[in-house]
Amino acid sequence: MPELPEVEALVQDLRGRLVGRAISRVDLTAFSALKTFDPPLQALHGTLVDGVERHGKFLDIDASGVHLVIHLARAGWIRWRDEVPAVPARPNAKNPLAARIVIDDPDLEAQPGLDVTEAGTRKGLAIYLVRDPREVEGIARLGPDPLSDDFTLEALRRILESEGRKQIKGVMRMQSIIAGIGNAYSDEILHAARMSPFKPANSLDEAELQTLYDALRGTLGEAVQRSSGLAASELKGEKKSNLAVHGRTGQTCPVCGDVVREVSFADSSLQYCATCQTGGKPLADRRMSRLLK
């Protein structure tokens with residue numbers, strides 16, 4: 001799932017490709033992905049791209065005051081094409097293409113564009129066309145951006161205290177509390193902070209709070225820095241190659257050499273290092289325990 005660093009890198013890449021250029025047309029091939037009806041997609045035809053921004057994990061293309069907002073969900077992605085077919089794309093259940101944004105560039109013989117795709121059968125990708133990004137419910141209820149200047153140590157303290165005994169892993173993933181952090185980077189942040197994902201949010205002492213704050217800002221900031229300047233096609237590989245624990249169950253922790261462990265849930269899992277994060281004690285994995293009975 002693309003999270004804050006990947007979406008930020010996509011924004012930087014797309015700014016250079018789109019700003020100042022006109023949108024010729026938008027081909028919608030996955031009708032269920034479009035979540036709005038007013039204004040219609042045709043309102044984008046002939047508009048000029050004024051900017052590209054990020055709101056949490058949402059991508060926002062501002063075209064002459066109309067905002068094309070995209071949430072890539074778990075398996076969505078954006079691919080730049082130097083040349084797209086002249087014939088409009090059509091729905092095809094076997095094709096991962098959800099939408100195509102065609103760019104009108106009179107200086108080029110071929111028309112470039114963006115393919116918005118979604119792999120797999122669990123469809124969650126969402127496309128909105130609105131006059132104000134805050135019309136998108138997911139954006140309107142976003143918590144603070146963890147890389148903004150306003151996200152101070154005191155802001156994090158207030159957030160954690162207000163969430164009581166909730167597990168800190170879950171608190172960091174809630175977009176209405178902190179925007180942009182998902183399953184992967186919450187694992188990475190907690191590993192960097194040497195903190196259990198099950199630790200109650202309001203139980204941190206002052207030293208632990210500072211450690212978590214530094215790990216959060218540092219992990220995300222370094223990921224954004226590594227991704228900056230990369231093309232969209234390179235971002236997935238960059239992310240995967242720099243993860244310490246997430247998605248590395250059974251492999252060696254790069255810090256201490258212990259094995260990376262997993263806790264499974266109904267539709268997701270978390271990874272952690274017991275030596276680094278839980279004093280060497282494995283966390284209970286009830287789902288795995290049931291499977292072994």
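Above: the structure in question.
Residues numbered from 1 in each chain as written. Predicted model: local features only at pLDDT ≥ 70, side-chain atom pairs only at ≥ 80, totals over all residues. Heavy atoms only, no water.

Asker: Please explain the environment of Pro 144 as it appears in this structure.
Answerer: Along the chain, the position of Pro 144 falls in the loop between helix 2 (137-140) and helix 3 (153-162). Residues Pro 144 and Ile 178, spaced 34 residues apart in sequence, show a C-alpha to C-alpha distance of 5.3 Å. With sequence-adjacent residues up to four places away left out, Pro 144 is seen in contact with Phe 151, Ile 159, Ile 177, Ile 178 and Ala 179. (Helix = DSSP H or I, 4+ residues; strand = E, 2+ residues; numbered from the N terminus. Contact = heavy atoms within 4.5 Å.)

Asker: Can you help me understand helix 6 (residues 206-227) in this one?
Answerer: A rise of 1.5 Å per residue sets the reference length of helix 6, with its 22 residues, at 32 Å; its end C-alpha atoms lie 32 Å apart and thus fit the reference within 8%. Residues of helix 6 that are buried make contact with helix 1 (4-18), helix 3, helix 4 (168-173), helix 5 (183-192) and helix 7 (232-241). By the N-cap criterion, in which a side-chain oxygen at the helix start approaches the backbone nitrogen of a residue two or three places on, helix 6 is capped by Asp 205, the distance to Ala 207 being 3.2 Å. (Expected span 1.5 Å × (residues − 1). Polar contact = N/O pair within 3.5 Å; in protein donor to acceptor, adjacent residues only side chain to side chain.)

Asker: Before we go on, may I ask you to explain the pattern of salt bridges in this structure?
Answerer: Side chains that carry opposite charge are capable of pairing whenever their charged atoms lie near each other. Under the criterion given, the structure shown has 18 salt bridges. We note a salt bridge from Asp 105 to Arg 21, for which the minimum N-O separation is 2.6 Å. Placement of Asp 105 in the loop between strand 6 (97-104) and strand 7 (113-118) and of Arg 21 in the loop between helix 1 and strand 1 (22-28) is noted, with a sequence separation of 84 residues between them. Note on Asp 105: relative accessible area 16%, which makes it buried. Relative accessible area serves as the criterion here: at 19%, Arg 21 is assigned to the buried category. A salt bridge links Arg 100 to Asp 115; its shortest N-O distance comes to 2.7 Å. Pair noted here: Arg 100 is in strand 6 and Asp 115 is in strand 7, with a separation of 15 residues, a long-range link. When its relative accessible area of 7% is taken as the criterion, Arg 100 is described as buried. By relative accessible area, Asp 115 is classed as buried at 4%. Each member of the salt-bridge network shares a partner with another, and the members are Glu 3, Glu 6 and Lys 239. (Salt bridge = Lys/Arg side-chain N within 4 Å of Asp/Glu carboxyl O. Buried < 20%, exposed > 50% of the residue type's maximum accessible area, 1.4 Å probe, protein only.)

Asker: Is there a simple way to explain unusual backbone geometry in this structure?
Answerer: In most cases, non-glycine residues show a negative phi, while peptide bonds are predominantly trans. The omega angle of the peptide bond from Asp 38 to Pro 39 is 5°, so this bond is cis rather than trans. Looking at the element boundaries, Pro 39 is found in the loop between strand 1 and strand 2 (49-55). A positive phi angle, close to 55°, is found at Ser 64, a residue other than glycine. Relative to the helices and strands, Ser 64 is located in the loop between strand 3 (58-63) and strand 4 (66-71).

Asker: Any chance you could explain the sheet that holds strand 8 (residues 126-130) here in plain terms?
Answerer: Pairing between sheet strands relies on hydrogen bonds along the backbone, with the strands arranged either parallel or antiparallel. Strand order in the open sheet formed by four strands is 2-3-4-8, with antiparallel pairing between adjacent strands. Lying at the two open borders of the sheet, with one neighbouring strand each, are strand 2 and strand 8. On average, each strand axis in the sheet is inclined to that of its neighbour by 15°, with strand direction left out of account. With five bridges joining them, strand 4 and strand 8 adopt antiparallel strand pairing. Bridge pairing links His 67 to Val 130 in strand 8. Contacts from helix 1 reach strand 2 and strand 3, with the element oriented near 175° to strand 2. (Pairing = 2+ DSSP bridges. Axes fitted to C-alpha atoms, helices over the stretch in contact; angles between N-to-C directions.)

Asker: Just checking my understanding: could you explain the sheet that holds strand 5 (residues 76-81) for this structure?
Answerer: Reading across from one edge, 1-6-7-5 is the order of the four strands in this open sheet, with antiparallel pairing throughout. In this open sheet, the two edge strands, each paired with only one partner strand, are strand 1 and strand 5. The sheet shows a mean angle of 15° between the axes of neighbouring strands, taken without regard to direction. Pairing analysis gives six bridges linking strand 5 to strand 7, with the strands arranged antiparallel. Bridged to Trp 77 within strand 7 is Thr 117. Taken strand by strand, helix 1 contacts strand 5, strand 6 and strand 7, and its axis lies near 25° from that of strand 5.

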